[in-house]
Amino acid sequence: MTTIAPEGLLAIDASAQDLLFREARTANTFSAEPVSDEQLRAIYDLVKWAPTAMNAQPLRLVAVRTPEARERLVPLMSEGNRAKTASAPLTLIVAADEDFHEHLPVTFPHREGAREAMHANPGRPAMARFNASIQLGYLILGIRAAGLAAGPMAGFDAAAVEKEFLDGNQRAIAVVNAGKPGSDAWFPRNPRLDFEQAVKLV
Ligand SMILES: Cc1cc2nc3c(=O)[nH]c(=O)nc-3n(C[C@H](O)[C@H](O)[C@H](O)COP(=O)(O)O)c2cc1C
């Protein structure tokens, strides 16, 4: 059952709540309508403001738009993810940059020595993955905020995607299709855990 908060408890109006959460669905087919570079830029320029630990911002994206690039990606997706990835106007390879610490002198300037400390920190790859995963969530909502449907996927050959598309110390964590939904785009909506199942009040 869809639970709707009583009027006034949430700061965004009901249509924004629906656009971002209740009515937004994971798309499995896409129309041919293109997603422009300007739309992608607007999505990134919104999503970049959402928080990460130490303002680390490890998210890196490779935007797959051309038929040639798509042809290189589709065979690296797991079987069930190939047709939808072939049909999407925009596909984003979502990566975690393990060398995010190189930007800390600019992005976290008040913590002197942060880059050097993080360089030596064995927890850096895990921190990159954790924070890029948080940013993946923000990205999905940013795509929805642009009036598009997102189709996030974890089913792909990460090592092969890294070899084919990514630089240096970037780890592939997800691939996200984006665009207007096509015909028969949704799997059946599955129930969500309710408040009592997921939240313990202490
Ligand atoms: C991180 C992540 C990975 C996912 N991986 C896949 C995938 O590999 N293949 C797929 O068909 N769906 C994948 N999904 C889609 C989820 O199953 C779907 O978003 C979820 O069931 C909610 O569907 P709904 O938005 O239509 O309610 C993934 C979703 C997320 C967030």
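Quick caveat: nothing in here was measured; it's all calculated off a predicted structure.

Here we take up the site of the ligand. The local shell around the ligand consists of R25, T26, N81, K84, P152, M153, A154, G155, R189 and R192. Here an oxygen atom of the ligand sits 2.8 Å away from a polar atom, N or O, in the side chain of R25. Contact between the ligand and R189: an oxygen atom at 2.4 Å from a side-chain N or O atom of the residue. Contributions of two or more residues to the shell around the ligand are made by α4 (79-87) and β3 (149-153). Residues that form the shell around the ligand fall into these classes: three nonpolar, three polar and four charged.

Membership of the largest hydrophobic core comes to 28 residues, with the highest contact counts inside it found for V94 and I143. Within the residue set of this core, elements represented by two or more residues are α2 (37-47), β2 (90-97), α6 (114-119), α7 (124-145) and β4 (170-179). Residues within four places of V94 in sequence aside, it is in contact with L59, R60, L61, L136, L139, R171, A172, I173, A174 and V176. Ranked by size, the runner-up nonpolar core spans 14 residues in total, among them V64, M77, A172 and V175.

As for its position among the elements, N81 is in helix α4. Overall, N81 belongs to the buried group, its relative accessible area being 12%. In this structure the side chain of N81 is engaged in a polar contact, spanning 3.0 Å, whose partner is the backbone oxygen of G155. Other than its neighbours up to four places away in sequence, N81 contacts M153 and G155.

Packed helices, taken two at a time, are described by their axes: the angle between them and the distance between them. For the pair helix α1 (residues 14-22) and α7, interaxial distance at closest approach is 9 Å and the crossing angle is 130°. As far as their axial angle goes, α7 and α1 are oblique. Regarding α1 and α7, the two cross each other, and that crossing is right-handed. The segment α1 lies against α7, with L19, L20 and F21 engaging L141, R144 and A145. Residues that form the contact of α1 with α7 fall into these classes: five nonpolar, no polar and one charged.

Overall, antiparallel pairing links the four strands, which are arranged β1-β2-β4-β3 in an open sheet. The two strands at the open ends of the sheet, each matched to only one other strand, are β1 (59-64) and β3. Across the sheet, the mean angle from the axis of one strand to that of its neighbour is 25°, orientation sign disregarded. Two elements, β3 and β4, share five bridges in a ladder whose sense is antiparallel. Bridge assignment links G151 to a residue of β4, and that residue is N177. Strands β2, β3 and β4 of the sheet are contacted by α4, whose axis makes an angle of about 145° with β3.

What follows concerns the UniProt feature "domain: Nitroreductase" (unreviewed entry) in the protein. What UniProt calls "domain: Nitroreductase" (unreviewed entry) maps, in this numbering, to residues 24-179. Overall, residues 24-179 shows 43% helix and 19% strand. The separation of its end C-alpha atoms is 13 Å.

The subject of this paragraph is α4. Buried within α4 are the following residues: N81, K84 and T85. The buried residues of α4 occupy an angular sector of 100° when the element is viewed end-on, so they sit on one face. Residues of α4 that are exposed and point more than 90 degrees away from the buried face comprise E79 and A83. Where α4 is buried, its residues meet α3 (67-73), β2, β3 and β4.

Before going further, it helps to spend a moment on α1. For α1, every residue scored as buried is listed here: Q17, L20 and R22. Mapping the buried residues of α1 onto a view down its axis gives an arc of 140°, with all of them on the same face. Tucked into the core, α1 has its buried residues touching α7.

Conventions adopted
Residues numbered from 1 in each chain as written. Predicted model: local features only at pLDDT ≥ 70, side-chain atom pairs only at ≥ 80, totals over all residues. Heavy atoms only, no water. Near = heavy atom within 4 Å. Polar contact = N/O pair within 3.5 Å; in protein donor to acceptor, adjacent residues only side chain to side chain. Helix = DSSP H or I, 4+ residues; strand = E, 2+ residues; numbered from the N terminus. Nonpolar A, V, L, I, M, F, W, Y, C, P; charged D, E, K, R; others polar. Core = buried A, V, L, I, M, F, W, Y, C linked by side-chain atoms within 4.5 Å. Buried < 20%, exposed > 50% of the residue type's maximum accessible area, 1.4 Å probe, protein only. Contact = heavy atoms within 4.5 Å. Axes fitted to C-alpha atoms, helices over the stretch in contact; angles between N-to-C directions. Parallel < 35°, antiparallel > 145°, perpendicular 65-115°, else oblique. Left-handed = near helix turned anticlockwise from the far one by under 90°. Pairing = 2+ DSSP bridges. UniProt positions renumbered as here; feature names shortened; annotations may be inferred. Arc of directions from axis to C-beta.

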